[in-house]
Amino acid sequence: MMSSAEVEIIALSLKVAFWSVAASLPLALAVALLLARGNFPGKSLLDAVIHLPLVLPPVVVGYFLLLLLGARGPLGGLLEQIGIVVAFRWTGAAIACAVMGFPLMVRAMRLSIEAIDPKLEAAAETLGATRIEAFFTITLPLALPGVLTGALLSFARSLGEFGATITFVSNIPGETQTLPLAIYALTQTPGGDAAALRLCALSVILSLGALLVSEFLVKRANRRVLGYDAVGRA
Amino acid sequence: MTLSVALKHEVGAFRLDAAFTCGDGVTALFGPSGAGKTTLVNAIAGLLRPDQGRIELDGEALFDAGKKIHIPARERRFGYVFQEGRLFPHLTVRQNLTYSRWFRSGARPQADLDHIVGLLGIGELLERRPAQLSGGEGQRVAIGRALLARPRLLLLDEPLASLDAHRRNEILQYLELLRDEVKIPVVYVSHSVEEVVRLASTVVLIASGKVAAVGEVEEIMGRPDLRAAAGVFEGGTVIDARVVAQDIQYDLATLAFDGGSLTVTNLDALIGESVRVRIRARDVSIALDAPQRISIQNVLRGKISNIGTDSSGIVDVSIAVGAVTLRSRITRRAVQQLALAPGLEVYALIKAVSLDRH
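About the cut-offs
- Residues numbered from 1 in each chain as written.
- Chains lettered and ligands numbered in written order.
- Predicted model: local features only at pLDDT ≥ 70, side-chain atom pairs only at ≥ 80, totals over all residues.
- Domains from an automatic or database assignment.
- Contact = placed C-beta atoms within 7 Å.
- Helix = DSSP H or I, 4+ residues; strand = E, 2+ residues; numbered from the N terminus.
- Nonpolar A, V, L, I, M, F, W, Y, C, P; charged D, E, K, R; others polar.
- Core = buried A, V, L, I, M, F, W, Y, C linked by C-beta atoms within 7 Å.
- Buried ≥ 20, exposed ≤ 12 C-beta atoms within 10 Å, placed from the backbone.
- Pairing = 2+ DSSP bridges.

Peer 1: Looking at this structure, I do not really get the domain arrangement of chain B. What am I missing?
Peer 2: Think of interface size as the accessible area that goes away when the parts come together; that is how it is often given. All names here are of chain B. Entries for chain B in the domain assignment read domain 1 (3–233) and domain 2 (237–354). Each partner contributes to the interface: domain 1 provides 7 residues, whereas domain 2 provides 9 residues. Every element with two or more residues in the side of domain 1 that touches domain 2 is listed here: helix 7 (193–199) and helix 8 (217–222). Residue contributions to the side of domain 1 that touches domain 2 peak at 4 residues, all from helix 8.

Structural data, given as structure tokens:
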């Protein structure tokens, strides 16, 4: 049904999206916690910087990444010395996706952490828990629906990421050519319309699937966390 | 156990400057809302770091601003029952009760759990989630959770405030049971006279951030001068009595105390049981002769020991009835008309229906 090229494109897209989410999740959680519970000078600035990828043209983000992490970039040079190359590799595509999806992930997590009464953590402390223990036994489980929502939003965003990826790691079949990049390449090729349409259809199915899975997981997490279905439909 | 607290703390325009010492049994931090009771108890628990002062338990400093000592809440081993329960919504009742086990080891955890669950009557609720509990059930679980952490001291911050009168009475019965069964010192925050009289042995009266008085519950509740300071309760007399007879036909009970007996209405206690009765000063009338043909059921003979010198129209009169000093609140005109004076033999009249049930 699917050609091997199509399977390869989808497998690569899923791999890139998965690793972009997996690698950025702990950092996003830490930042969300900091923004939700912390009170420090420069909080507004941090908040704004986190949200930048949401408002900047993706091509700008991709270009910054290229300048920073490219072979001649300050960070890229350092990484190359220890044998890590991200420019024009699938890992670079994952980094681009992670940066683009980061604000979405932080936002969802932050909202769910802010909804948790910090007094519950104080109660946990009177029962012998340290701050960290209270976080892992009370705050994190209660924030789980938000964490899942954030992760899946970022995952869906990664599946659709185009501008930053193509600018940073180019459009290399088998290495950095994710689904949107492949569709773009086909539309630029004479006679590629039919193949492009097939990939578009696959893209719709994939995104829809991701959203449905997300909905299901969040509902289940809410039931497990609160013992009832707490997701109100706004 | 001896807990001594001396601290100063400022929150916005509010200043707390309180010092008191308390021991075993139930100590009530009593005073009107906004007097600083919760701030005080949070400082004792270690959830709040006061600006200045020292908190000490049996000589061990829990907090000392000068020496920069602040033992964190988790290491103080104080159980804390919050006004709003604060059960963990994602855990079952059983998991809430045993939460402290993850961090503290007890000697016989299962036996403890069974004992506390039995005492509080929450065996049926163990597999439920907090969202499926009523307010009263939730507070019982919260009390159990605090007790199962094997605390050295139990802090209760208005645990009945969010409950209706019926639930409040139910939890009060459990708290009385705990006071008598579990030998843990308790600091009980409340603005309710009824709760304090029923549970406490020592009262620390808090008014606008300061300690207005410390003393035995009978003493504090009897002092009319503290009424203004507290602004929440009217003077009266607390009497420890014992149920000696019950009249089922009329739904009355007879209580004996050091100085006589009292008839009260539908008391929820058995013969032989100890009860505490609070008689409001304004419910006590004074007569010079034993009254005839009168509906009042309680006529106690006594001797006036003191007459208040308040310049207003209202005067508080103390009457010694046996070992008990009964407070009566009457008008200044009545004092003059009857020519009341210390040493005079009088009859104190108390309507049976005016007595608070404790």
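Let's pick the thread back up.
Peer 1: Looking at this model, I keep getting lost on the interface of chain A and chain B. Mind explaining?
Peer 2: The interface of chain A with chain B comprises 19 residues on the first partner and 21 residues on the second. Those elements that place two or more of their residues in the side of chain A that touches chain B are helix 6 (118–126), helix 7 (131–160) and helix 10 (193–226) of chain A. Tallied by class, the residues present in the side of chain A that touches chain B amount to 11 nonpolar, 5 polar and 3 charged.

Peer 1: Honestly, the nonpolar core in this entry has me stumped. Any pointers?
Peer 2: General note: in soluble globular proteins, nonpolar side chains tend to be found buried as a group. Core analysis: the largest hydrophobic core is formed by 158 residues, its most contacted members being A96 and M109 of chain A together with A28, I44 and L155 of chain B. Of the residues forming this core, the biggest block, 15 residues, is contributed by helix 5 (residues 90–114) of chain A. Counting the residues that make up this core, at least three belong to each of domain 1 (3–233) and domain 2 (237–354) of chain B. The residues touching L155 of chain B, leaving out its near neighbours within four places in the chain, are V41, I44, A45, F78, G79, Y80 and V187 of chain B.

Peer 1: Can you walk me through the pairing of strand 3 (residues 26–30) of chain B in this structure?
Peer 2: Walk down a regular strand and you will see the side chains alternate between the two sheet faces. All names here are of chain B. With respect to burial, strand 3 is a largely interior element, 5 of its 5 residues being buried. Alternating positions in strand 3 separate into two faces, V26, A28 and F30 on one and T27 and L29 on the other, with burial throughout. Pairing of strand 3 with strand 9 (residues 186–190) involves 5 bridges; the strand directions are parallel. Along strand 9, the bridge assignment pairs F30 with S190. Note: strand 3 against strand 10 (residues 202–207), 4 bridges, orientation parallel. Looking at the pairing, L29 lines up with V204 of strand 10.

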